[in-house]
Amino acid sequence: MKTAELIAANDFCVYHNVEYTFITSLHEAGLVEITIINETTFIPQTELQKLEKLISLHELDINIAGIEAISHLLERVEKLQEDMRYLKNRLRLYED
C-alpha cells in the first residue's frame, strides 16, 4: 500500500477530536483496519468513511460493544438491500 493512501492516526484523532485509544479499540474489535509503519499508526483512506460513521456513534455516547453491534446490523441491512436489488432485477426478467 502506498503511503500516500495512508493517514496518520494521530492527525486523524486531532482533526476529529477523538482519543487515539478509540481508534485502537475499534481496531481490536475488528471494526477498522490500521497499518503500522516504523512504530507509527496509519489509517488507510478506504477506512475513513467507515471510521467517521463510527465516530458519529461514539459522539452519541455509545460504547465500543454497542458500536460493534450497530455496525454488524448495518452491514446485514446493506447486504439484505443488495440481495433485494438483485432479486428485483431477476424478477424483471420474468415480468417482461
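As a reminder, the structure under discussion sits directly above these lines.
Not measured: the values here are computed from a predicted model.

Procedures and definitions
Residues numbered from 1 in each chain as written. Predicted model: local features only at pLDDT ≥ 70, side-chain atom pairs only at ≥ 80, totals over all residues. Heavy atoms only, no water. Core = buried A, V, L, I, M, F, W, Y, C linked by side-chain atoms within 4.5 Å. Buried < 20%, exposed > 50% of the residue type's maximum accessible area, 1.4 Å probe, protein only. Helix = DSSP H or I, 4+ residues; strand = E, 2+ residues; numbered from the N terminus. Contact = heavy atoms within 4.5 Å. Salt bridge = Lys/Arg side-chain N within 4 Å of Asp/Glu carboxyl O. Pairing = 2+ DSSP bridges.

Chemist: When you look at the nonpolar core in this model, what are you seeing that I'm missing?
Modeler: One broad rule of soluble globular proteins: the nonpolar side chains tend to lie buried together. Judged by nonpolar contacts, the single largest core of 17 residues is most densely connected at Ile23, Leu26, Ile43 and Leu51. It is helix H3 (residues 48–59) that contributes the most residues to this core, five residues altogether. Apart from residues no more than four positions distant in its own chain, Leu26 is found in contact with Leu31, Val32, Leu51, Leu54, Ile64 and Ile67.

Chemist: What is the right way to look at the pattern of salt bridges in this model?
Modeler: Note on pairing: side chains with opposite charge can pair once their charged atoms come close. For the structure on display, the rule yields two salt bridges. Where Lys50 meets Glu47, a salt bridge forms, and the shortest distance between an N and an O atom there is 3.4 Å. A salt bridge links Asp83 to Lys79, with the shortest nitrogen-to-oxygen separation between them at 2.8 Å. Taken as a pair, Asp83 and Lys79 lie in helix H4 (residues 64–95) at a separation of four residues, close to a single helical turn. Given a relative accessible area of 29%, Asp83 falls into the partly exposed group. Here Lys79 falls in the partly exposed class, since its relative accessible area comes to 45%.

Chemist: What is the right way to read the pairing of strand S3 (residues 40–44) from this model?
Modeler: The buried fraction of S3 is high, at four of five residues. Relative to S3, strand S1 (residues 6–8) is paired through three bridges, and the arrangement is antiparallel. Counterpart to Ala8 in the pairing with S3 is Phe42. As defined by bridge partners, strand S2 (residues 35–37) adjoins S3 across three bridges and the pair is classed as antiparallel. Bridge pairing in S3 places Ile37 opposite Thr40. Taken together, S2 and the strand that follows it, S3, pair antiparallel across an intervening segment of two residues, in which Asn38 is found at a positive phi of about 50°.

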